[in-house]
2 protein chains.
Amino acid sequence: MQGYILKIAYKGTNYCGWQVQPEKQTVQAALQTAAAEVFGCKVDVTGCSRTDSGVHAKGFVALVSGDGLPDIPLSSLPLAINTKLPEDIAVLEASVAEEGFHPRYSAKGKEYIYTVHNSRLRDPFSTDTAWQFQRPIDVSHANELCQEFVGRQDFTAFMASGSKITDAVREIKYFNAVREGDNIVFTVAADGFLYNMVRIMVGTVVEAASGTKLMPIKDIISSRERANAGITAPAKGLTLNKVFY
Amino acid sequence: MQGYILKIAYKGTNYCGWQVQPEKQTVQAALQTAAAEVFGCKVDVTGCSRTDSGVHAKGFVALVSGDGLPDIPLSSLPLAINTKLPEDIAVLEASVAEEGFHPRYSAKGKEYIYTVHNSRLRDPFSTDTAWQFQRPIDVSHANELCQEFVGRQDFTAFMASGSKITDAVREIKYFNAVREGDNIVFTVAADGFLYNMVRIMVGTVVEAASGTKLMPIKDIISSRERANAGITAPAKGLTLNKVFY
């Protein structure tokens, strides 16, 4: 069974996330259809993550596999698939998958970017890709709060309630907030993320750094109680930026 | 007759340009409706320019006027109007208009930005706001070509054929091309622009700086023949950035 690794980017606004669902427009379904057309046979497409509805990606990794896939030169594969894909999805790179490679289980970590448009006035160019937050955020305070998350800790408090995961220990490698004009851009990498984890972390930091009274981050973490953390930031500000293997 | 000057931004993708047209969605119509709701009376809205369908703006200037407009504090006016506007239009600033001010006729010049996504692979995040051009563009050559346009010249060759303007002399203050990642960003300012002028200038420079044989820019200008210039770059890459008064 042969396989190609594809690095893809997509604007998630018009998709019900990555994963195939009946009657729904998903990125996986679009890629499966496009790749099957290009290879001229049935293909399986697996992804590195199940991104939620409205979440974007700049470095999503997918594996296209199938029995007897024809050989297509790697240099022309991205363009060939792109011509079959809708405009809001693009294949950026292609490589040959080694035996046993799995986009999700082989991943050592991921990096997400979260963009907050911190202004009383909205930006018509980022309504789909940033969370508009009107109250001023103290970005250096936000960045200090981010540092409290770094390290190997139990992040149960930052997992969507109702999740069935029992081991919520994850290692956050880095988590930073920087101002870029009216935007505050969060970058976070970890060996893995719990459901809604980045969005709850960002929601909590944004609230705390803009005047909402919350427990200290360390105490929220050690409480292991979702109710002590802040709001879940909206999906549209989130972008899966990189996957590490 | 009282008037407020509004600086507005809009993503033009879903509009048939600025100007009111029967049965069409336009930015002027949207602003007129929103402002009338906020002021509670009929208002006139005039703009600094008639942007085309799909063209964007970050610093468009509009005048809202009417007899007996109620006083609304300037600091709350942008937000008040924004709540009545669709998400792809935003009022950024408001000020009181001096008697006789006209957004178009009082303007001393304008600055446009044009974005080219110069890559074989499309960017799903800029399909509405950049022109994807696959062949490599030599940006330093492009920037040299831009300089040939600077100054007071007759730009008949860079005006959409069929335009009825008789005096095509305009003064270009500056015209630059810089690379930002995979994008090439053109910035151009002039005392005024002919119909499609920026788009034809950019189309010509992009073609010439990517291997298409064209006459030297100076010769195209002096020929006063539209046919000697290059293609008209698509509307979606163009943004009205500033108006000078």
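1. A word on the overall build of chain A
Each helix and strand in chain A was counted, giving five helices and ten strands. Taken over 245 residues, chain A has a buried fraction of 53%. A fraction of 71% describes how many contacts in chain A between residues 6 or more apart in sequence connect residues 24 or more apart. Of the roughly 11,000 Å² that chain A leaves accessible, carbon and sulfur atoms contribute 49%.

2. Some details on the packing of aromatic side chains
In the structure shown here, the tally under the stated rule is 20 aromatic pairs over all chains. A ring pair is formed by Phe 175 of chain A and Phe 186 of chain A, whose centres lie 6.0 Å apart and whose planes are at 40°; its orientation type is tilted. In this pair, Phe 175 of chain A sits in strand β8 (residues 169-180) while Phe 186 of chain A sits in strand β9 (residues 183-190), placing the two residues eleven residues apart along the sequence. Residue Phe 175 of chain A is classed as buried on the basis of its relative accessible area, which comes to 0%. When its relative accessible area of 1% is taken as the criterion, Phe 186 of chain A is described as buried. Taken together, Phe 149, Phe 158, Phe 175 and Phe 186 of chain A form an aromatic cluster joined through their ring pairs. In this arrangement the basic side chain of Lys 58 of chain A is found over the ring face of Phe 125 of chain B, its NZ or CZ atom lying 5.0 Å from the centre.

3. Some words on the domain arrangement of chain A
Many authors give the size of an interface as the accessible area that is lost as the parts come together. Residue and element names in this part refer to chain A. Each domain of chain A was delimited in the assignment, giving domain 1 (2-96) and domain 2 (109-244). Look at where the C-alpha atoms of domain 1 and domain 2 centre, and you get two points 28 Å apart. With 15 residues of domain 1 in contact, the opposing surface of domain 2 contributes 15 residues. A per-residue breakdown of the area domain 1 buries against domain 2 is headed by Asp 52, Val 55 and His 56, which together make up 41% of the total. The interface formed by domain 1 and domain 2 contains two salt bridges. Residue Asp 128 pairs with Lys 11 through a salt bridge whose shortest N-O separation is 3.1 Å. Our enumeration of links across domain 1 and domain 2 arrives at eleven residue pairs in polar contact (both at pLDDT 80 or more). Counted by class, the side of domain 1 that touches domain 2 contains five nonpolar, seven polar and three charged residues.

4. Remarks on the nonpolar core
In terms of nonpolar packing, the biggest core is built from 78 residues, with Leu 31, Val 116, Phe 149, Phe 158, Phe 175, Phe 186 and Val 202 of chain B touching the most fellow members. Sorting elements by how many residues they give to this core places helix α4 (residues 197-208) of chain B first, with eight residues. The two domains that each donate at least three residues to this core are domain 1 (2-96) and domain 2 (109-244) of chain B. In contact with Phe 158 of chain B, other than residues within four places in its own chain, are Phe 149, Tyr 195, Asn 196, Met 197, Ile 200, Met 201, Thr 204, Ile 220, Ile 221 and Ala 229 of chain B. Formed by 76 residues, the second largest nonpolar core is a distinct cluster that contains Ala 57, Ile 137, Cys 146 and Phe 186 of chain A.

5. Here's the deal with the relation of the copies chain A and chain B
Here chain A sits on chain B after a turn of 180° about the axis and a move of 0.0 Å along it, with an RMSD of 0.0 Å. The relationship between the two copies is best expressed as a two-fold rotation axis. Distance from the rotation axis, computed per C-alpha, reaches its smallest value in chain A at Phe 125 of chain A: 5.1 Å. Counting the interface residues of chain A, we find that 100% of their copies in chain B are interface residues as well, pointing to one common contact surface.

6. Some details on the environment of Val 64 of chain A
Residue and element names in this part refer to chain A. Assignment of secondary structure puts Val 64 in strand β3 (residues 56-66). Along the primary structure Val 64 and Met 159 are separated by 95 residues, whereas in three dimensions their C-alpha atoms are 30 Å apart. Not counting chain neighbours up to four residues away, the residues in contact with Val 64 comprise Gln 2, Gly 3, Tyr 4, Leu 6, Ala 35, Phe 39, Val 43, Asp 44, Val 45 and Leu 69.

7. So, the side chain of Arg 170 of chain A
Residues and elements named next belong to chain A. Mapped onto the elements, Arg 170 comes out in strand β8. Of the side chains with opposite charge, Asp 167 lies nearest to the buried Arg 170, which makes no salt bridge, at 4.7 Å. Leave out the neighbours within four places in its chain, and Arg 170 touches Gly 151, Arg 152, Gln 153, Phe 155, Ile 165, Asp 191, Gly 192, Phe 193, Leu 194 and Met 197.

8. Here's the deal with the interface of chain A and chain B
Each side of the interface is counted separately: chain A has 27 residues, and chain B has 27 residues. The tally of links from chain A across to chain B stands at zero salt bridges. Between the two partners, chain A and chain B, sit ten residue pairs in polar contact (both at pLDDT 80 or more). Listing elements by their share of the side of chain A that touches chain B, those giving two or more residues are β1 (2-10), β3, α2 (77-82) and β4 (89-96) of chain A. Each residue belonging to the side of chain A that touches chain B can be placed in one class, and the counts come to 14 nonpolar, six polar and seven charged.

9. What about the environment of Ser 161 of chain B?
Position of Ser 161 of chain B relative to the elements: it lies in the loop between β7 (151-154) and β8 (169-180). A sequence separation of 35 residues divides Ser 161 of chain B from Asn 196 of chain B, and the C-alpha atoms of the two residues are 9.4 Å apart.

10. Topic: the pairing of strand β5 (residues 109-117) of chain A
Residue and element names in this part refer to chain A. For β5, the tally of buried residues reaches nine of nine residues, placing the bulk of the element in the interior. Neither face of β5 is open: one carries Gly 109, Glu 111, Ile 113, Thr 115 and His 117, the other Lys 110, Tyr 112, Tyr 114 and Val 116, and all of them are buried. Taken together, the six bridges between β5 and strand β10 (residues 238-244) define a ladder with antiparallel strand orientation. Bridge assignment links Lys 110 to a residue of β10, and that residue is Val 243.

Definitions and cut-offs
- Residues numbered from 1 in each chain as written.
- Chains lettered and ligands numbered in written order.
- Predicted model: local features only at pLDDT ≥ 70, side-chain atom pairs only at ≥ 80, totals over all residues.
- Heavy atoms only, no water.
- Helix = DSSP H or I, 4+ residues; strand = E, 2+ residues; numbered from the N terminus.
- Buried < 20%, exposed > 50% of the residue type's maximum accessible area, 1.4 Å probe, protein only.
- Contact = heavy atoms within 4.5 Å.
- Areas by Shrake-Rupley, 256 points an atom, 1.4 Å probe, with all protein chains shown as cover.
- Phe/Tyr/Trp six-rings, centres within 6.5 Å; stacked < 30°, edge-to-face > 60°.
- Lys NZ or Arg CZ within 6 Å of the ring centre and 35° of its normal.
- Domains from an automatic or database assignment.
- Buried area = accessible area lost by both parts, 1.4 Å probe.
- Salt bridge = Lys/Arg side-chain N within 4 Å of Asp/Glu carboxyl O.
- Polar contact = N/O pair within 3.5 Å; in protein donor to acceptor, adjacent residues only side chain to side chain.
- Nonpolar A, V, L, I, M, F, W, Y, C, P; charged D, E, K, R; others polar.
- Core = buried A, V, L, I, M, F, W, Y, C linked by side-chain atoms within 4.5 Å.
- Least-squares fit on C-alpha atoms with pLDDT ≥ 70 in both.
- Lys, Arg positive; Asp, Glu negative; His and termini not counted.
- Pairing = 2+ DSSP bridges.

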